[in-house]
Amino acid sequence: MNPSKSRHALQLGVCYYPEQWPRERWPADAKAMRALGLSTVRIAEFAWSRMETAPGHFDWSWLDEAIDVLAAEGLQVVLGTPTAAPPQWLIEAHPDILPMDAQGRVKPFGARRHYCFSSPAMHEASRRIVTAMVQRYGRHPAVIAWQTDNEYGCHDTTLSYSPAALSSFRKWLTARYQGDINTLNEAWGTAFWGLQYSGFEQIGFPVGQPTSPLPNHALDFRRFASDEVRRFNRLQVEILREHAPGRPVLHNFMGLFGDFDHHAMAQDLSIAAWDNYPLGFLDTAARFLPESARLQWARSGHPDISAFQHDLYRGVGHGRLWVMEQQAGPVNWADWNALPLPGMVRAWTWEAFAHGAELVSYFRWRQLPFGQEQMHSGLNRPDGMPDVGAEEAAQVKSEIDLLLSEEGEEAMHTQAARVALVLDYPSLWMAQIQPQGADMAGFGVLLRYYSAARRLGLDVDIVGPQQDLSDYALVLLPSLLHVPEALQQQLASLTAVVVAGPRCGGKTAELSITQPLPPGPLRPWLPMQVRAVESMRPGRHYAVDGGQGEQWRDLVEPQAGVAVHARYEDGWPAWLSHGRWHSHAGLVNEALLIDWLAESARQAGLTVAPQALPEGLRLRRRGRWQFAINHGPAPAAVPVPEGHKLLLGERLLPAGGVAAWLLNPKD
Amino acid sequence: MNPSKSRHALQLGVCYYPEQWPRERWPADAKAMRALGLSTVRIAEFAWSRMETAPGHFDWSWLDEAIDVLAAEGLQVVLGTPTAAPPQWLIEAHPDILPMDAQGRVKPFGARRHYCFSSPAMHEASRRIVTAMVQRYGRHPAVIAWQTDNEYGCHDTTLSYSPAALSSFRKWLTARYQGDINTLNEAWGTAFWGLQYSGFEQIGFPVGQPTSPLPNHALDFRRFASDEVRRFNRLQVEILREHAPGRPVLHNFMGLFGDFDHHAMAQDLSIAAWDNYPLGFLDTAARFLPESARLQWARSGHPDISAFQHDLYRGVGHGRLWVMEQQAGPVNWADWNALPLPGMVRAWTWEAFAHGAELVSYFRWRQLPFGQEQMHSGLNRPDGMPDVGAEEAAQVKSEIDLLLSEEGEEAMHTQAARVALVLDYPSLWMAQIQPQGADMAGFGVLLRYYSAARRLGLDVDIVGPQQDLSDYALVLLPSLLHVPEALQQQLASLTAVVVAGPRCGGKTAELSITQPLPPGPLRPWLPMQVRAVESMRPGRHYAVDGGQGEQWRDLVEPQAGVAVHARYEDGWPAWLSHGRWHSHAGLVNEALLIDWLAESARQAGLTVAPQALPEGLRLRRRGRWQFAINHGPAPAAVPVPEGHKLLLGERLLPAGGVAAWLLNPKD
Amino acid sequence: MNPSKSRHALQLGVCYYPEQWPRERWPADAKAMRALGLSTVRIAEFAWSRMETAPGHFDWSWLDEAIDVLAAEGLQVVLGTPTAAPPQWLIEAHPDILPMDAQGRVKPFGARRHYCFSSPAMHEASRRIVTAMVQRYGRHPAVIAWQTDNEYGCHDTTLSYSPAALSSFRKWLTARYQGDINTLNEAWGTAFWGLQYSGFEQIGFPVGQPTSPLPNHALDFRRFASDEVRRFNRLQVEILREHAPGRPVLHNFMGLFGDFDHHAMAQDLSIAAWDNYPLGFLDTAARFLPESARLQWARSGHPDISAFQHDLYRGVGHGRLWVMEQQAGPVNWADWNALPLPGMVRAWTWEAFAHGAELVSYFRWRQLPFGQEQMHSGLNRPDGMPDVGAEEAAQVKSEIDLLLSEEGEEAMHTQAARVALVLDYPSLWMAQIQPQGADMAGFGVLLRYYSAARRLGLDVDIVGPQQDLSDYALVLLPSLLHVPEALQQQLASLTAVVVAGPRCGGKTAELSITQPLPPGPLRPWLPMQVRAVESMRPGRHYAVDGGQGEQWRDLVEPQAGVAVHARYEDGWPAWLSHGRWHSHAGLVNEALLIDWLAESARQAGLTVAPQALPEGLRLRRRGRWQFAINHGPAPAAVPVPEGHKLLLGERLLPAGGVAAWLLNPKD
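1. Details of the interface of chain A and chain C
Listed by partner, the interface residues are 47 residues for chain A and 52 residues for chain C. Carbon and sulfur atoms supply 54% of the area that chain A and chain C bury against each other, a total of about 4300 Å² over both sides. Sorting the residues of chain A by area buried against chain C places Trp193, Pro210 and Arg537 of chain A first, and these three jointly supply 19% of that buried surface. We note a salt bridge from glutamate 557 of chain A to arginine 381 of chain C, for which the minimum N-O separation is 3.8 Å. Where chain A touches chain C, the interface holds 23 residue pairs in polar contact (both at pLDDT 80 or more). Of the residues that constitute the side of chain A that touches chain C, the class distribution is 20 nonpolar, 17 polar and 10 charged.

2. Quick notes on the environment of methionine 536 of chain A
Tracing the chain through its elements places methionine 536 of chain A in the loop between strand 15 (528-535) and strand 16 (541-544). Under the relative-accessibility criterion, methionine 536 of chain A is labelled buried at 1%. It is 7.0 Å that separates the C-alpha atoms of methionine 536 of chain A and glycine 437 of chain A, two residues lying 99 residues apart in sequence. Each residue touching methionine 536 of chain A, except ones within four places of it in the same chain, is listed here: Asp439, Tyr542, Gly549, Glu550, Gln551, Trp552 and Arg553 of chain A together with Trp336 of chain C.

3. Overview of the relation of the copies chain C and chain B
With an RMSD of 0.0 Å, the fit of chain C onto chain B corresponds to turning through 120° and sliding 0.0 Å along the axis. Read as a symmetry element, the transformation amounts to a three-fold axis. For chain C, the residue whose C-alpha comes nearest the rotation axis is glutamine 103 of chain C, separated from it by 5.6 Å.

4. Examining the sheet that holds strand 12 (residues 460-463) of chain C
Residue and element names in this part refer to chain C. Spatially, 12-11-13-14-20-19-18 is the arrangement adopted by the 7 strands of the open sheet, whose pairing is mixed. Unpaired on one side and paired on the other, strand 12 and strand 18 (563-567) mark the two borders of the sheet. Across the sheet, the axes of successive neighbouring strands diverge by a mean angle of 20°, strand direction being ignored. The pairing of strand 11 (residues 419-422) with strand 12 spans 4 bridges and is classified as parallel. Bridging across to strand 12, alanine 420 finds its partner in aspartate 461.

5. Some details on the packing of aromatic side chains
For the structure on display, the rule yields 105 aromatic pairs over all chains. When the centroid spacing of 5.5 Å and the interplanar angle of 85° are considered together, the rings of phenylalanine 109 of chain B and tyrosine 197 of chain C count as edge-to-face. With phenylalanine 109 of chain B in the loop between helix 4 (88-93) and helix 5 (120-137) and tyrosine 197 of chain C in the loop between helix 7 (181-188) and helix 8 (215-243), this residue pair bridges two chains. With a relative accessible area of 4%, tyrosine 197 of chain C lands in the buried category. Three or more aromatic residues joined by ring pairs form one cluster here, namely Tyr115, Phe117, Tyr152, Phe232, Phe253, Phe257, Phe260, Trp274, Phe281 and Tyr313 of chain A. If you follow arginine 503 of chain B out to its NZ or CZ, it ends over the ring of tryptophan 552 of chain B, 4.0 Å from the centre. The aromatic ring of tyrosine 542 of chain C is capped on one face by arginine 553 of chain C, whose charged end is 3.7 Å from the ring centroid.

6. Quick look at the sheet that holds strand 11 (residues 419-422) of chain A
All names here are of chain A. Taken together, the 7 strands give an open sheet; going across it, the order is 12-11-13-14-20-19-18, and neighbouring strands pair in mixed fashion. Looking at the sheet topology across the chains shown, the edges are occupied by strand 12 (460-463) and strand 18 (563-567). The mean angle between the axes of side-by-side strands here comes to 20°, regardless of whether they run parallel or antiparallel. Helix-sheet contacts for helix 18 (residues 590-603) involve strand 13 (474-477), strand 14 (497-500), strand 18, strand 19 (573-578) and strand 20 (581-584), and the interaxial angle to strand 20 is about 170°.

7. Observations concerning the pattern of salt bridges
Taken as a whole and assessed by the stated rule, the structure comprises 120 salt bridges over all chains. A salt bridge links glutamate 52 of chain A to arginine 128 of chain A, with the shortest nitrogen-to-oxygen separation between them at 2.9 Å. With glutamate 52 of chain A in strand 3 (residues 52-54) and arginine 128 of chain A in helix 5 (residues 120-137), this residue pair connects regions lying 76 residues apart in the sequence. We classify glutamate 52 of chain A as buried; its relative accessible area is 0%. Note that glutamate 534 of chain B and arginine 540 of chain B form a salt bridge whose closest N and O atoms lie 3.0 Å from each other. In this structure, glutamate 534 of chain B and arginine 540 of chain B share a single accessibility class: buried.

8. Examining the interface of chain C and chain B
Chain C puts 47 residues into the contact, and the matching count from chain B is 51 residues. At the boundary of chain C with chain B, total buried surface from both sides reaches about 4300 Å², with 54% on carbon and sulfur atoms. Looking only at chain C, the three residues that lose the most surface to chain B are Trp193, Pro210 and Arg537 of chain C, adding up to 19% of its buried area. On inspection of chain C and its partner chain B, the count reaches 5 salt bridges. Of the charged contacts in the structure, one is a salt bridge between arginine 531 of chain C and aspartate 387 of chain B, with a shortest N-O distance of 3.3 Å. Connecting chain C to chain B are 23 residue pairs in polar contact (both at pLDDT 80 or more). Breaking the side of chain C that touches chain B down by element, the ones donating at least two residues are strand 15 (528-535) and strand 17 (547-558) of chain C. Here the residues of the side of chain C that touches chain B are counted per class, giving 20 nonpolar, 17 polar and 10 charged.

9. A look at the pairing of strand 6 (residues 143-147) of chain B
Successive residues of a regular strand alternate their side chains across the two faces of the sheet. Residues and elements named next belong to chain B. Among the 5 residues of strand 6, 5 are classified as buried, and the element is accordingly described as predominantly covered. Pairing analysis gives 4 bridges linking strand 5 (residues 76-80) to strand 6, with the strands arranged parallel. Note that in strand 6 the partner of glycine 80 across the bridge is glutamine 147.

Thresholds, definitions, all that
Residues numbered from 1 in each chain as written. Chains lettered and ligands numbered in written order. Predicted model: local features only at pLDDT ≥ 70, side-chain atom pairs only at ≥ 80, totals over all residues. Heavy atoms only, no water. Contact = heavy atoms within 4.5 Å. Buried area = accessible area lost by both parts, 1.4 Å probe. Salt bridge = Lys/Arg side-chain N within 4 Å of Asp/Glu carboxyl O. Polar contact = N/O pair within 3.5 Å; in protein donor to acceptor, adjacent residues only side chain to side chain. Nonpolar A, V, L, I, M, F, W, Y, C, P; charged D, E, K, R; others polar. Helix = DSSP H or I, 4+ residues; strand = E, 2+ residues; numbered from the N terminus. Buried < 20%, exposed > 50% of the residue type's maximum accessible area, 1.4 Å probe, protein only. Least-squares fit on C-alpha atoms with pLDDT ≥ 70 in both. Pairing = 2+ DSSP bridges. Axes fitted to C-alpha atoms, helices over the stretch in contact; angles between N-to-C directions. Phe/Tyr/Trp six-rings, centres within 6.5 Å; stacked < 30°, edge-to-face > 60°. Lys NZ or Arg CZ within 6 Å of the ring centre and 35° of its normal.

Below you can see the structure in the form of structure tokens.
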């Protein structure tokens, strides 16, 4: 039971809540998990009130037993620190732990995530419970990894407007501006509207003003809040690392969620895990999609959203990716909750593996008949009988065995992609603070580019702006409003073909317009300037050669030597290039973007699909294996080369189907 | 002037506010009321500040005179207790009377219903004014009935978040769980997210948490609030019964409103009255209707909504139904306020009588040129001239005389219907707390079934779950999430054909999933289990044999012996039956539902229309009379049997038309 | 540099913020302004914190220098008092200055307009800064005019719910009702719902009640708030007039904004200036437009909205009209921010001049790269290079010179129009308080009538109800809910043709229904009565002879002698007349309204276009010049009479084009 032993294997796991079930059921549950082929069980992440039943009074008996019961069946345990659910007695003793919303209202006890990241009392209590927990289980042989808290920021909790948060914010500002209020005045541009401050203690939250506050006031609050999440998490990580040597520490992130800087925070983690709910996302995080997409992908999930997240978190996790919670049936928390297509739980699992996941852990072992999530399905029904998810998980397990027996684990080693897409969290915040177009969603723009590349059959790494880009053939910068210093330096020596989307390089770190004018720091490679920008409401379009422009355009004046490949109907350039560098002046319809990217990819020496893949079909290579997933709605022909045997699936892949074949070693 | 004398007659009445008009007008008004054929006048329900002009200082002179003036014309008076409008001096002395909203903001004085049902000061003041009022008028020969307060719960006032409400809520919980917090922990399922409480004084409102609170926390708050309304009402009823012997006590309920349990509360009442605003409902309470329905029925009202309410409140009122306020022209309070079709006020009046109303009382005598409702029409215009409503009321009066002269009052005795539709208020709350599909409206589902039965020409009783069902031929359970114990027992001995809609039997009284799986307690009669549920966003449909499924489906696995009559395109059963019991696994389009119900009705031995009635035409029998109302938009042929004479209306009934004929005595 | 010298000239100006730029740039900026042909520069209106750097400590050095630098280039200065931006130190010392929203939340420092108009501390501080400022610059030869504050009411700040506002409101009510609470009770109609007050100190804000408060409670609060704006402004005006003799005092009003009574307030001003953002309005203030209009006019602005405002503010300003801020490129503050059509900045400038503007001052000199408005374009780009606006301004300047050289300034003297449209601010508030139809927007109704007249080629004066109407041929009263006393008296002696729209004369000054019934005081000229009203939701229509009725109709019973020219499908009159007086019983589609108005205009002896002008083309005469502006989208033939020379533009005018010709002196 060496934690690192199974590192590269394709592992299946499950989330389990022994505290919600009678102890008598535990052994049968553990046996059934093992029988299903699961190796890993995450437990305890909401059980604070069961571990510390009163201040400083701990009850470990049940958890000791639960771990032992699981271990007895050979199951590995991931222990979650329970800080997402501070107990009632803690809140009663320290009501200042509670977060406050932007209207200054306390969010009371009664659900979860009812704490402010800045609360000193919460830090103190967290230190106590995490220390006690890891002192007891840190070296337990069955406990192979630790998860901090649960879904930081979920339910809009990254930002808190409590007195504790205000006090921390002022300290953070004092530090950022070296205690000099005039440095802040300068950075924020308080000359505008006469907003000078004379002391840090005067600064409030950037909310509730008669109209929008200074952009940098808002941005610094976002940065502060992001740092507070990291500070809170690091507190736990340091304790865990001390007492659980050799065990990876991870956090389970969410999908399409950017309220804090995951790249920065994950510097303190060993693995990035995330929670994959393909159907739920459609209704919630992916609000930027048109309603037609919500209808089209209602039962399969969008063909690129989960994949996007896998590719993002693989980078966030320094190459190590887990799916900590995998949707295994209908969820309860979207506005409407569809039934996954038959086979879709299997397909999502293989999709995760194809994108490099080491572990896919289903949520949850058994549907709980009570509580907020009683309508959230699990692998098993509330009455204990297997649900569809369990059947499909079992199928996956046998398919894993088939593939690994065909070719060893080494063939599953994830390799880097040739295409990098840069995601910068502060750029997302800047776009939210100064959107200019009400439907300009940061993730929406990133997804447009990601989807187009994926329709071309390209594998993509989503990387942070600090990451080394030197080995990529094609680098996409879809919505990099601000180009951080370190990235600017990398770009100078880059040999890749680079595609910059609209708004790139438009903002300084202080959220001002770059000078020289945008693309600002990119002008050495993109010798052009943005004269003006225009956002277009839904229904407004410009014809562009071969398609149409929508949502946004930069009005770009190219300098000599810049080629213009496509123009707007009124003559403004839409797609320009200068050597290896391309600039898209605006957003365009999907088919046109695919065409444009295809040409850039070919320039980068990449092989792209001769024509875009069918709407629902996606390809992903892992090691020497090539996978294909069809999200539907129609059957799709899999582009498997002549003479290759399909280990999974058929050449005409039905909706919800998965195909896999071994790549030629020469490939 | 014996209050019970005219009990079964078809009476007309009006709402009148003498305090808003000069005394000199009263005699002329009374004379005109009598001339119009009205028998009954409701007064005083907002006149607290005129009766108790300062704390403990009463001025009865005007009310004495008003009652005498009305009585002098032979008019009967319904007196309303004025607690819906606590005076300013009372609020000033006891600001804790004011209710608070979910954000913790006080709702100030300045309109109406500005009190919290839990306020001890309000209870005390209500006791004082009601006692004083009934001591003075309880035995007055002209005062034939008492109305408590006015439209409990109107303007979202059932729930209050004041300190008084919190204190009452905790006491209520302590009583419900016998003072044992662990009983509460068990019932609420606080094992979920570690939400254990250690004392009742720790419990807050189920609102404002970062995400949804425990379902049972929410449900108990709804139950508590419902009980508080009943407690407040009972306080008044007890005083009224003591001092006004023999006079019925009633309350005027609202339409499509379920914020408290009307069946429970009305156990303390003699009559259920309600306020019927067919055009207003379209814009407000009936938000679940598609916009096309709002356009289609803008001037006639929906052909089933008022009827639904009549049939509901006849049951709530133990068979005694009054329409206390009847729309008599355009209202002012909807987003858009249409003009009723010519004849529609008459049609609504006859519709009420056809459904068993003893009294239809128009709102209001004369449009008031000032105040919030100045654009609310009355029987008379602000200048005192008769409005359309008065003309149509006069017509109704002469038609009543015609019918009663054709056949005596006995022929108008309302009989029970053969079809019962069960409405359970807690089931409505459960659906609101755990909707799963954002457009799943409790009343919307009930109305689908009611409409389908009505399109078949069936009369329907809407009954509570406690009601005796033994005489019905067909029982509909459209959305009975929870099947109360008493109803379960009844079902065992039932001989009716029963149709259970989706979600039936899905929840325990504690708002958990039933086990065995749904339909849980209905499985003795519906041997099947719901494996999963799926909600469909607008625009998502499944083909079903002969139609389409929408909004919701249960995935049902039938056991042996269950017949499947229709299936979804993917094979799941849509309509199943087992002997006399039918189960609809999901909601389907109207035409298909009509087909399904027709078959069940025929199985129950009922005669149904050979084809569905025209969209706007509805039939209703009262005693030996058969009525037909055409809501339009087109003229409709009335299915009057050969040789029967139409006393009202024509065989081709225009929009807004009413027809009536005597049924064959053998019928 | 005589301030009055250039009064009737066509002047160009700009808004400039020296405090936001290094002093070294000022001279070059001034020189460039002069080179561009600008004559006037507005400065200082947000610079309080730079003038009064600490309580009572003034720093004038920078402003002295800025004014001198501008004056040295012959530029005239408009000085703005800086009260829209109270400094942080002032708020810190007097937090009670901050306004509060309707939920009782303080709106904190951090943007602008963070003060309550009723705050005594704000009055005091304003008196100090304005006095100090005008004592220093009031007689400066380069300072030719003073602007008070900036855009009163912007960001929803007219109404404040602070304790200071409540105290002022009670004083205001005490004065209005002569200290007699029963007078208030009578006026407000507190007999409704028993809402009697016994003292002024009991009265709260008309907000937060369980349902809507008394209409007159709401109306008095609107009146009070309007008076408070005027009181605050007059405080400044009195100081300015004392110390800056001979200099006009103005305020820069906003577009489609009626939160306070501009006619009343402007009695204290010399000139009405306003801020013209044609593209921004589409998304914000003109929400009443259908989405199709927002798409159609996205790049040109609606062809009537700016013109409407010009015609309104010319009246508000007693004939003197300035455009203080003129959109010169994309703005940043709408939901979507379109690029003006090429030539559109020029067209808007000429449109303003055609409607009588003396000055058009662009906002702003140079786009600021930081702060909330960093994406708001100016005449120059953030890097200092000229933007499109500068190019078009230069073109306008040369065209001014051309026209003035063709014919002297006298030919540009604005004359009164023959058509008056009456706008009454309290009527707008009444419509908001008692809308009856959720989409009945006061400005929307006014604009319907204005547009129809303009499509007929008519010039229109928009006048207040106090204004002398005796010289007009045609008077339009589109939505005059309340007809003030003074106007009633004028109407008696009027010789014009009058067209009254729906709802006219429907309300008393106390917001009650008029008696005799509406049109109430207009019945001497419109002998008819409104029996009922009906509002129609979007999608509901009535056929009317030649078109369709929408949104609203009055059901009108005409008396003898009234002609009915058009009827609704159900027979109710739609268009009636009685001699010179016309009544429109409801709103109708644009083409039909144009037809109806054409007939009334001909009756008034006016020449109207034989057929309606193209959708985007508008004509406006100034003095002996006739202008034509084409807002597009298609080129349009300009109706220039035979033999007239076009000084600007062509006979087939492209979108964004401007044409001008001299009228025949006989014309």
